[in-house]
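Here is how the chains run, residue by residue.
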Amino acid sequence: MIKKEITSIIQSRKSVYPNEFNGEIIRNEDIIQLLENANHAPSHKMTQPWRFKIFYQNSKKKLLKEIIKVNQFSEIKKNNLEKRFEKTSHIISICMKKNVEILPEWEEIAATAMAVQNIWISCVESNIGGYWSTPSYTKKLRKFLALEKNEICLGFFYLGIHQSDKQKKLRDSVNNKIQWFN
Ligand SMILES: Cc1cc2nc3c(=O)[nH]c(=O)nc-3n(C[C@H](O)[C@H](O)[C@H](O)COP(=O)(O)O)c2cc1C
């Protein structure tokens, strides 16, 4: 029997965007707990490919500066990004260490995405919210993120404090996505 509690938690997970954050700072122990939970994701051959680079306070400012430096943003886009950073408490760069000798890349990406899902569902029923942003400019940040040759960045997870009670987005019926084979 599937527990009602786990169904409720999974189905309550949602993206919370920086415009809904109130600018308050998440406690470091909560960040560590989120990443501990991420670390419980499964991975083929137990490669545990997820890597997290945490930006907050001063390092968050440095990240913003670097993103602006490597992009040619319009004034409006730059201002929007600045506002987004201002409201965000922590930004986690979602990185992945490839093990190409033993596994196809997609398996490592899948495992890392499962780690991200653990972060996301851990936020349910708390005042911590977040969303996964995957801008194309991550490729231009390799040096800044101190990525090694066999590492890639899969985007940023923005985290902040919120009181949003916005409804989550509805899904199409799962019946349209499943096929039973008898
Ligand atoms: C791999 C991945 C990449 C995403 N990248 C972005 C992004 O770049 N920008 C964005 O606004 N949302 C991004 N999202 C969030 C999705 O838009 C969001 O999950 C989707 O709209 C469903 O909303 P929900 O998370 O509230 O259920 C991403 C989600 C995933 C899983």
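Model, not experiment: these values are computed from the prediction.

K.L.:
Where do I start with the overall build of the chain in this structure?
P.N.:
Scanning the chain for helices and strands turns up five helices and four strands. Along the chain, helices and strands appear, N-terminal first, in the series α-α-β-α-α-β-α-β-β. Here the chain has a C-alpha radius of gyration of 18 Å; the compact-globule value for 182 residues is 16 Å, and the two agree. Oriented by its inertia axes, the alpha-carbon framework of the chain measures out at about 55 × 45 × 35 Å. For the chain, with 182 residues in total, the buried portion stands at 23%. Long-range pairs, those at least 24 residues apart, make up 82% of the contacts in the chain between residues at least 6 apart in sequence.

K.L.:
Looking at this structure, I do not really get the environment of Arg27. What am I missing?
P.N.:
Among the structural elements, Arg27 can be located in the loop between α1 (4–12) and α2 (28–38). For the pair Arg27 and Lys62, spaced 35 residues apart in the sequence, the C-alpha separation amounts to 20 Å.

K.L.:
Help me understand the site of the ligand in this model?
P.N.:
As a structural note, the neighbourhood of the ligand is formed by Lys14, Ser15, Tyr131, Trp132, Ser133, Thr134, Lys168 and Lys169. Split into classes, the residues belonging to the shell around the ligand amount to two nonpolar, three polar and three charged.

K.L.:
Is there a simple way to think about the pairing of strand β4 (residues 151–161) in this case?
P.N.:
The two faces of a sheet get side chains in turn, since along a regular strand they alternate between them. A large share of β4 lies buried, amounting to eight of its 11 residues. Examined bridge by bridge, strand β2 (residues 90–97) and β4 share seven bridges and lie antiparallel to one another. Within the sheet, the bridge partner assigned to Ser93 lies in β4 and is Phe156. Bridging between strand β3 (residues 128–133) and β4 involves six bridges; their strand directions are antiparallel. Bridge assignment links Trp132 to a residue of β4, and that residue is Phe157.

K.L.:
Just to check I follow, could you spell out the sheet that holds β4 for this structure?
P.N.:
Strand pairing in a sheet relies on backbone hydrogen bonds. The paired strands run either parallel or antiparallel. Reading across from one edge, β1-β2-β4-β3 is the order of the four strands in this open sheet, with antiparallel pairing throughout. At either margin of the open sheet sits one strand with a lone partner, and together these are β1 (50–56) and β3. Taking the axes of each pair of neighbouring strands and ignoring which way they run, one obtains an average angle of 25° across the sheet. Against the sheet, helix α3 (residues 57–70) engages β1 and β2, with an angle of about 100° to β1.

K.L.:
Which parts of the structure should I look at to understand the packing of α3 against helix α4 (residues 75–87)?
P.N.:
Two quantities define a packed helix pair, namely the angle between the helix axes and the distance between the axes. At their nearest, the axes of α3 and α4 sit 11 Å apart, and the two run at 165° to each other. Classified by the angle between their axes, α3 and α4 sit roughly antiparallel to one another. Between α3 and α4 the crossing geometry is right-handed. Residues Lys60, Leu64, Ile67 and Ile68 of α3 form the contact with α4, whose participating residues are Lys78, Leu81, Glu82 and Phe85.

Definitions and limits used
Residue numbers here run from 1 along each chain, matching the order of that chain's written sequence. Given that this is a predicted model, residues contribute local features only at a pLDDT of at least 70 and side-chain atom pairs are listed and counted only at 80 or more, while totals for whole chains, interfaces and linings are drawn from all residues. The secondary structure listing takes helices from DSSP runs of H or I that are at least 4 residues long and strands from runs of E that are at least 2 residues long, numbered from the N terminus. The size measure is the radius of gyration over C-alpha atoms, and the globule rule it meets is 2.2 Å times the number of residues to the 0.38 power. Remark: C-beta atoms are placed from the backbone, and a residue is labelled buried if 20 or more other C-beta atoms sit within 10 Å of its own, exposed if 12 or fewer do, or partly exposed between those counts. For every residue pair, C-beta atoms are placed from the backbone, and the pair is scored as a contact if these atoms sit within 7 Å. Any residue whose C-beta atom, as set from the backbone, lies within 6 Å of a molecule or strand is reported as near that molecule or strand. Throughout this entry, Asp, Glu, Lys and Arg are counted as charged residues, while Ala, Val, Leu, Ile, Met, Phe, Trp, Tyr, Cys and Pro are counted as nonpolar. The remaining residues, Gly among them, count as polar. In short, DSSP must find at least two bridges between two strands for them to pair. In this analysis an axis means a line fitted to C-alpha atoms, helices contributing only their contacting stretch, and an angle means the value between N-to-C directions, from 0 to 180 degrees. Orientation is classified from the angle alone, with under 35 degrees giving roughly parallel, over 145 giving roughly antiparallel, 65 to 115 giving roughly perpendicular, and any other angle giving oblique. In this scheme the crossing of two helices becomes right-handed for a clockwise turn of the near helix relative to the far one and left-handed for an anticlockwise turn of less than a right angle.

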